[in-house]
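These are the residues of each chain, in order.
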Amino acid sequence: MQADAFTMQADAFTMQADAFTMQANAFTMQADAFTMQADAFTLSGIAKFNSLRINQMLY
């Protein structure tokens, strides 16, 4: 009986550790998403700048 209780407690700790790992992974993915969003914004700005430069060269 006591061994079963210890096993259940160990399982609960394992599940809690897994939950913390998943939460950390979610934060990492969120940070990656913000980085990609910033990169996309930067590339958009570069594209607009290049487009203006091309228009100036053409006209």
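Residues numbered from 1 in each chain as written. Predicted model: local features only at pLDDT ≥ 70, side-chain atom pairs only at ≥ 80, totals over all residues. Heavy atoms only, no water.

## Points about the overall build of the protein chain
- Assigned secondary structure in the protein chain consists of 1 helix and 0 strands.
- Taken over C-alpha atoms, the radius of gyration comes to 25 Å for the protein chain, far larger than the 10 Å a tight globule of 59 residues would show.
- If one aligns the C-alpha atoms of the protein chain with their principal axes, the spans along those axes are about 85 × 10 × 5 Å.
- Out of the 59 residues in the protein chain, the part that is buried amounts to 0%.
- Accessible surface, the protein chain as shown: approximately 5,500 Å² in total, 68% of it carbon and sulfur. (Helix = DSSP H or I, 4+ residues; strand = E, 2+ residues; numbered from the N terminus. Rg over C-alpha atoms; globule rule 2.2 N^0.38 Å. Buried < 20%, exposed > 50% of the residue type's maximum accessible area, 1.4 Å probe, protein only. Areas by Shrake-Rupley, 256 points an atom, 1.4 Å probe, with all protein chains shown as cover.)

## Some points on the environment of Ile 46
- Locating Ile 46 in the fold gives a position in helix H1 (residues 2-58).
- Exposure remark for Ile 46: the relative accessible area of 43% places this residue in the partly exposed category.
- Expressed as a C-alpha distance, the spacing of Ile 46 and Ala 5, which sit 41 residues apart in the sequence, is 61 Å.

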